[in-house]
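Breakdown of the fold
Okay, here's what each chain looks like letter by letter:
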Amino acid sequence: MSPPNNSIIVIGCGVTGLSVATLLQSEYPSATITIIAAEIPSGQSPSADYASMWAGAHYRPTPGSTSQLKQEFDMGVRTAERMKRIARDHPESGVAFMTGVEYLEDPPAEFSSIKTGDVYAGPEDNFRVLDQTELPNGVKWGCEYRCYCVNVSVYLKWLLGRFISKGGRLIQHRLSSAQQAFDYAEESGLGKVSTVVNCSGRNFDQDRKTKIIRGQTVLVKQQYHKTVTRQNGDGSWAFLIPRPQGGGTIVGGTKEIGDPEERPRPETLNLFPDFVDSVDKFDVLKDNVGRRPWRDGGYRFQTESVGRDKRIVHGYGAGGRGYEMSWAAAERIVALVMESVPANSKL
Ligand SMILES: Cc1cc2nc3c(=O)[nH]c(=O)nc-3n(C[C@H](O)[C@H](O)[C@H](O)COP(=O)(O)OP(=O)(O)OC[C@H]3O[C@@H](n4cnc5c(N)ncnc54)[C@H](O)[C@@H]3O)c2cc1C
């Protein structure tokens, strides 16, 4: 079999790499898209570095006044549009819409201007600011809206299955750098590659702006029917994230910047009285520890030229909201690929 004439390589099989690979398949239907990744959504136990396997994951918008927060807010709304279609047409994907509730003990100043009826999670999200009488003790601001939750391992396997059924290739291999993918592709018979898309999460720890944010959660057997987030007065967070398709509920969680500890620490389970009112009622299935691939300033979306007719398109640094921004991030990354490789080029 002759090698494909110029394929595109995507490094990473997390939510970013899989979303990018999916969109590349629609933009370049006759090209060979290959994912190279150290870890893939198989049955094996993922490392803490494979963030996508440890996410909750729910969609919780984070409105704010900085340009980064505004951009991320828009990316969340954009991604929710596609997630709505996925949940409607493919319930087996592990994405499902439900009610989201937030309770904030110390709300940022800009929250005071948010009103019932505003677009928060997206159009038709039934957004409503909760009345003071509906708030638990200590909570100053609360709201309710329609959003989605993702059963992450089901969703990643679903994305990967679709990618492969459309002719995508998957190679499980650990690279030493994004640049090394060009040589590795030639050695593996993938032919001449001019575009490598780097969705490695943390760019091989070669970007000084990236850091890990450790997150510890617990998976419990009980299935809740809405996702709840509580911001505590001491700055910590507590959440309930149901995993659709009977995957139980994630109870969490921590956000520890730069903390490399892979083992779970003894944790106090956060109680939500309308879910369970005593720790004994939790059926703990698993302790989870993952590392969010955080980057100062947000994602790196950038094309880097690395030699004659060779480029790396960077798309990493999703931080703590990689699912919620996944489709919008993938669109930005694929747009960069298309600037260099027009869709009608002979790929
Ligand atoms: C506890 C916790 C809770 C979270 N909750 C949410 C949530 O509710 N909502 C939300 O949107 N997000 C949440 N996140 C964040 C989310 O998990 C990340 O933003 C997202 O998974 C990042 O995806 P990614 O594909 O960019 O990176 P990753 O998932 O880390 O994937 C990186 C890929 O690159 C590959 N790779 C890395 N290095 C190499 C190498 N040297 N060679 C080859 N391949 C390599 C990896 O094997 C992997 O396939 C949470 C994270 C944690 C830890």
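Nothing here was measured: the structure is a model prediction, and the numbers come from that model. Throughout, a residue's number is its position along its own chain's written sequence, starting from 1. Predicted model: local features are reported for residues with pLDDT of at least 70 only, side-chain atom pairs are reported and counted for 80 or more only, and whole-chain, interface and lining totals are derived from all residues. Excluded from the side-chain calculation are hydrogens and water; included are all heavy atoms of the structure.

Here, axes are lines fitted to C-alpha atoms. For helices the fit covers the stretch in contact, and angles between N-to-C directions go from 0 to 180 degrees. Numbering of helices and strands starts at the N terminus; helices are DSSP runs of H or I of at least 4 residues and strands are runs of E of at least 2. For the pair helix α1 (residues 15–27) and helix α3 (residues 152–165), interaxial distance at closest approach is 10 Å and the crossing angle is 30°. By the angle class used here, α1 and α3 are roughly parallel. In this structure, the crossing between α1 and α3 has a hand that is left-handed. For the pair formed by α1 and α3, the contact residues are V15, L18, S19, A21, T22 and Q25 on the first element and Y155, L156, L159, L160, R162 and F163 on the second. Grouping the amino acids of the contact of α1 with α3 by side-chain chemistry returns 8 nonpolar, 3 polar and 1 charged. Relative orientations are named as follows: roughly parallel for angles under 35 degrees, roughly antiparallel for angles over 145 degrees, roughly perpendicular for angles from 65 to 115 degrees, and oblique for any other angle. Whether a crossing is left-handed or right-handed is set by the direction in which the near helix is turned from the far one by less than a right angle, anticlockwise for left-handed and clockwise for right-handed. Contacts are assigned to residue pairs that have any heavy atoms within 4.5 Å of one another. Residue type decides the class: Asp, Glu, Lys and Arg count as charged, Ala, Val, Leu, Ile, Met, Phe, Trp, Tyr, Cys and Pro as nonpolar, and the leftover types, Gly among them, as polar.

To continue, consider the site of the ligand. Surveying the vicinity of the ligand reveals 38 residues, the closest of which are T16, E39, S52, G319 and Y323. For the ligand, an oxygen atom lies 2.5 Å from a polar atom in the side chain of S52. Counting of polar contacts relies on pairs of N or O atoms within 3.5 Å, with two restrictions inside protein: one atom must be capable of donating a hydrogen and the other of accepting it, and residues adjacent in sequence are counted only when both atoms are side-chain atoms. Within the backbone of L175, one N or O atom sits 2.9 Å away from a nitrogen atom of the ligand. Every accessible area reported is derived by Shrake-Rupley at a probe size of 1.4 Å, with residue values counting cover from the shown protein chains alone. Considered on its own, the ligand offers 1000 Å² of accessible surface; in the complex 95% of this is hidden by protein. At the level of elements, α1, β8 (210–220) and β13 (284–295) are the ones that each hand at least two residues to the shell around the ligand. The criterion for a residue being near a molecule or strand is simple. One of its heavy atoms has to lie within 4 Å of it.

This part takes up the nonpolar core. Ranked by size, the top nonpolar core spans 63 residues in total, and within it V10, V20, L24, Y155 and V197 carry the most contacts. Of all the secondary-structure elements, those providing two or more residues to this core are β1 (7–11), α1, β2 (33–37), α2 (67–89), β3 (95–104), β5 (141–150), α3 and α5 (326–340). With 8 residues, α5 is the single largest residue contributor to this core. With 16 residues, the next largest nonpolar core counts Y103, V220, L240 and F275 among its residues. In plain words, nonpolar cores are sets of buried Ala, Val, Leu, Ile, Met, Phe, Trp, Tyr and Cys residues tied together by side-chain atoms within 4.5 Å. Three labels apply to residues, based on accessible area from a 1.4 Å probe with only protein chains included: buried if under 20% of the type maximum, exposed if over 50%, partly exposed otherwise in between.

A separate point is the pattern of salt bridges. In what follows, salt bridge is the name for a side-chain nitrogen of Lys or Arg lying within 4 Å of a carboxyl oxygen of Asp or Glu. Counted by the stated rule, this structure contains 20 salt bridges. Close ionic contact of R78 with E81 constitutes a salt bridge, the shortest N to O distance being 3.7 Å. Of this pair, R78 and E81 both sit in helix α2, 3 residues apart, which is roughly one turn of that helix. Residue R78 is classed as partly exposed on the basis of its relative accessible area of 41%. A relative accessible area of 35% means that E81 is categorised as partly exposed. The partner of D259 in a salt bridge is R265, with the nearest N and O atoms 2.9 Å apart. With a relative accessible area of 33%, R265 lands in the partly exposed category. One continuous salt-bridge network, built from bridges that share partners, spans D49, R202, D205, E262 and R291.

Attention shifts here to the packing of α1 against α5. Packed helix pairs are characterised by how far apart their axes lie and by the angle those axes make with each other. Interaxial distance between α1 and α5 falls to 9 Å at its minimum, and their mutual angle equals 50°. When the axes of α1 and α5 are compared, the pair comes out oblique. Handedness of the crossing formed by α1 with α5: right-handed. Two secondary-structure elements touch here, α1 through V15, T16, S19, V20, T22, L23, L24 and E27 and α5 through S326, W327, A330, E331, I333, V334, V337 and M338. For the contact of α1 with α5, the residue count by class is 10 nonpolar, 4 polar and 2 charged.

Turning our attention to the sheet that holds strand β6 (residues 169–172). Strands qualify as paired when DSSP identifies two bridges or more between them. An order of β6-β2-β1-β7-β15-β14 is seen for the 6 strands of this open sheet, with the pairing classed as mixed. With partners counted over all chains shown, the strands left at the sheet margins are β6 and β14 (300–305), one partner each. Each strand of the sheet is rotated relative to its neighbour by a mean of 20°, with strand direction disregarded. When strand β7 (residues 193–198) meets strand β15 (residues 311–316), the two strands line up parallel, connected through 4 bridges. Paired with V196 across the bridge in β15 is I312.

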